[in-house]
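# Results of the structural survey
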Amino acid sequence: FAQKYGITVNSAQPDASSQEEINAANQLRGTERAPDVFDLGANVALRNTDLFAPYQVATWDDVPDELKDPDGLWVSDYGGYMSIGYDADSVPAVTSVSDLLKPEYRGRVALNGNPTQAAAGFNGVMMAALANGGSADDIAPGVEFFRQLKEAGNFLPVDPTPATIASGQTPVVIDWEYLNVGQGAALEGQRDWQTVVPDGAVVGAFYVQAINKDAPHPAAARLWQEFLYSDEGQNIWLQGFARPVRLEAMTEAGTVDKEALANLPEVTGDPVFLTQEQIEQHQQYLLEHWEQAVE
């Protein structure tokens, strides 16, 4: 973007959480240091729409209706599905969630984050729920699955990181596919790290973009959005192993980066995207039942 338009991008805090981005907008309102744009988790975005300026990019119609605000306050940008990554040299190939209960995976299955606090952990439990008779409205079978995983001695209570994966400490990791696929690329030649999205247990989530209604550089903010939702911008996300929101439209139009697309795992079955109400309902259930299940 900077090279294309000659605009300097000041990414003040690249690793900020979604809530920290919102905090920065509130604390720096009216100053030149206020953020122009937001890149947020959907749950945080939906709680803060009063901070957003409506804008519809040129490729607006390519974005599915359920992944954007009808008035243009926010629009999904990139995302992916929950997956199981594993070291194929260390454990048998994983083909389903239920495989993880087998003795071959004893002490080897890690979940990325406590699901009462981390989105990846939360959606990992949701994936397990779908694989065990649950639904978008019922996460309880997922909690029960992890109780069984712990009882079998297979659950490894370690937050996986690139370091734990590279060292072999966490040979099976439940995490977003773009992180697992990225690990496979980073460890090529060192570990045979494979990624599978379980059939019939496809849980998806997208991050969203929005423009700060108090943006100090609103025209640059709109141009940034246009870049992100262009074929060029969307393919950059795909090259980083994330699924851009316009993927289906670009595939049909023949503008998708086919080589980058081929790096992603095969997905079968209809994906489940949770509503804000479902997320809040499941978060409450996890607060009441998770620790008891895995302690």
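Before reading on, note that the structure itself is shown above.
Residues numbered from 1 in each chain as written. Predicted model: local features only at pLDDT ≥ 70, side-chain atom pairs only at ≥ 80, totals over all residues. Heavy atoms only, no water.

### What about the overall build of the protein?
Stated formally: Secondary structure elements are taken from DSSP: a helix is a run of H or I of four residues or more, a strand is a run of E of two residues or more, and numbering for both begins at the N terminus. The globule rule used here is 2.2 Å times the number of residues to the 0.38 power, and the radius of gyration it is set against is calculated over C-alpha atoms. A contact between two residues is defined here by any heavy atoms of the two lying within 4.5 Å. Computed by Shrake-Rupley with a 1.4 Å probe, the accessible areas treat only the displayed protein chains as cover when residues are assessed. Note on charges: Lys and Arg go in the positive column, Asp and Glu in the negative column, and His and the chain ends are not counted at all. Where a charge lies is defined by one atom per residue type: Lys uses NZ, Arg uses CZ, Asp uses CG and Glu uses CD.
When its secondary structure is counted, the protein shows 12 helices and 8 strands. Taking 2.2 N^0.38 as the reference for a compact globule, 295 residues should give roughly 19 Å; the C-alpha atoms of the protein span a radius of gyration of 20 Å, in line with that estimate. Principal axes of the C-alpha set define a box for the protein whose edges measure 60 × 40 × 35 Å. In the protein, once contacts between residues fewer than 6 apart in sequence are set aside, the share between residues at least 24 apart is 68%. Element-wise, carbon and sulfur atoms account for 47% of the exposed surface of the protein, whose accessible area totals about 14,300 Å². Side chains of the protein carry 16 positive and 43 negative charges; the gap between the two charge centres is 4 Å.

### Notes on the layout of surface pockets
Note the cut-off: In this analysis the probe radius is 1.4 Å and the grid spacing 1 Å, with only protein atoms considered; a cavity is a set of points the probe fits into but cannot get out of, a pocket is an open set with protein on both sides within 12 Å along at least five of seven lines, and lining residues have an atom within 4 Å of a point. Grid points are joined across faces, edges and corners, and a volume is the space filled by probe spheres set on the points. Residues are grouped as follows: nonpolar covers Ala, Val, Leu, Ile, Met, Phe, Trp, Tyr, Cys and Pro; charged covers Asp, Glu, Lys and Arg; every other residue, Gly included, is treated as polar.
The computed volume of the second largest pocket comes to approximately 380 Å³. Elements supplying a minimum of two residues to the lining of the second largest pocket: strand E8 (243–244) and helix H10 (247–253). Examining the composition of the lining of the second largest pocket, we find that 5 residues originate from one element, H10, more than from any other. Counted by class, the lining of the second largest pocket contains 10 nonpolar, 1 polar and 5 charged residues.

### Observations concerning the packing of helix H4 (residues 119–131) against helix H5 (residues 140–151)
Convention followed: Every axis corresponds to a line fitted to the C-alpha atoms, with the helix fit spanning only the stretch in contact, and the corresponding angles, defined between N-to-C directions, vary from 0 to 180 degrees. When describing relative orientation, an angle under 35 degrees is termed roughly parallel and one over 145 degrees roughly antiparallel, while 65 to 115 degrees is termed roughly perpendicular and anything else oblique.
The contact between H4 and H5 brings their axes to 7 Å, and the two run at 95°. Classed by the angle they form, the pair H4 and H5 counts as roughly perpendicular. Contacts between H4 and H5 pair Gly124, Val125, Ala128 and Ala129 from the former with Pro141, Gly142, Val143, Phe145 and Phe146 from the latter. Along the lines of polarity and charge, the residues of the contact of H4 with H5 split into 7 nonpolar, 2 polar and no charged.

### Re the packing of aromatic side chains
Worth spelling out the cut-off: Between rings of Phe, Tyr and Trp, where Trp is taken as its six-membered ring, a pair exists when centres lie within 6.5 Å; planes separated by under 30 degrees are stacked, by over 60 edge-to-face, and by other angles tilted.
Within this structure, the stated rule accounts for 14 aromatic pairs. Among the aromatic residues, ring-to-ring pairing joins Phe1, Tyr5, Trp224 and Phe227 into one connected group.

### Examining the side chain of Gln209
Put simply, the rule is: Between buried and exposed lies partly exposed: a residue is buried under 20% and exposed over 50% of the maximum accessible area for its type, with that area taken using a 1.4 Å probe on protein chains only. Nitrogen and oxygen atoms within 3.5 Å of one another constitute a polar contact, given that in protein one can donate a hydrogen and the other can accept it, and given that sequence-neighbouring residues count only through two side-chain atoms.
Secondary-structure assignment places Gln209 in strand E7 (residues 204–212). We classify Gln209 as buried; its relative accessible area is 3%. Engagement of the side chain of Gln209 in a polar contact is seen with the side chain of Asp39, the distance being 3.3 Å. Other than its neighbours up to four places away in sequence, Gln209 contacts Val37, Phe38, Asp39, Leu73, Trp74, Val75, Asp77, Trp224, Gln225, Leu228 and Tyr229.

### Overview of the environment of Asn154
When you line up the elements, Asn154 lands in the loop between H5 and helix H6 (162–167). Its relative accessible area of 1% is what places Asn154 among the buried residues. For the pair Asn154 and Gly107, spaced 47 residues apart in sequence, the C-alpha to C-alpha distance is 4.3 Å. Beyond its immediate stretch of four places on either side in the chain, Asn154 contacts Leu100, Leu101, Lys102, Tyr105, Arg106, Gly107, Arg108, Val109 and Leu149. Within the structure, the side chain of Asn154 is placed 3.4 Å from the backbone oxygen of Leu101, a separation counted as a polar contact.

### What to know about the packing of H5 against helix H12 (residues 276–294)
Short version of the rule: Crossings are classed by handedness, with left-handed meaning an anticlockwise turn of the near helix from the far one by less than a right angle and right-handed meaning a clockwise turn.
One can describe the packing of H5 onto H12 by two numbers: an axis separation of 9 Å at closest approach and a directional angle of 15°. As the angle between them shows, H5 and H12 are arranged roughly parallel. Crossing of H5 over H12 shows right-handed handedness. Within the contact between the two elements, H5 uses Ala140, Val143, Phe146, Arg147 and Lys150 and H12 uses Tyr285, Leu286, His289, Trp290, Ala293 and Val294. When its residues are assigned to classes, the contact of H5 with H12 shows 8 nonpolar, 1 polar and 2 charged.

### As for H5
So the rule is basically this: The span expected for a helix works out to 1.5 Å for each residue beyond the first.
An ideal rise of 1.5 Å per residue puts 16 Å on 12 residues; H5 measures up with 17 Å between its terminal C-alpha atoms. Inspection of H5 places Pro141, Gly142, Val143, Phe145, Phe146 and Leu149 among the buried residues, and these make up the whole buried set. With its phi angle positive at about 80°, Gly153 sits one or two positions after the end of H5.

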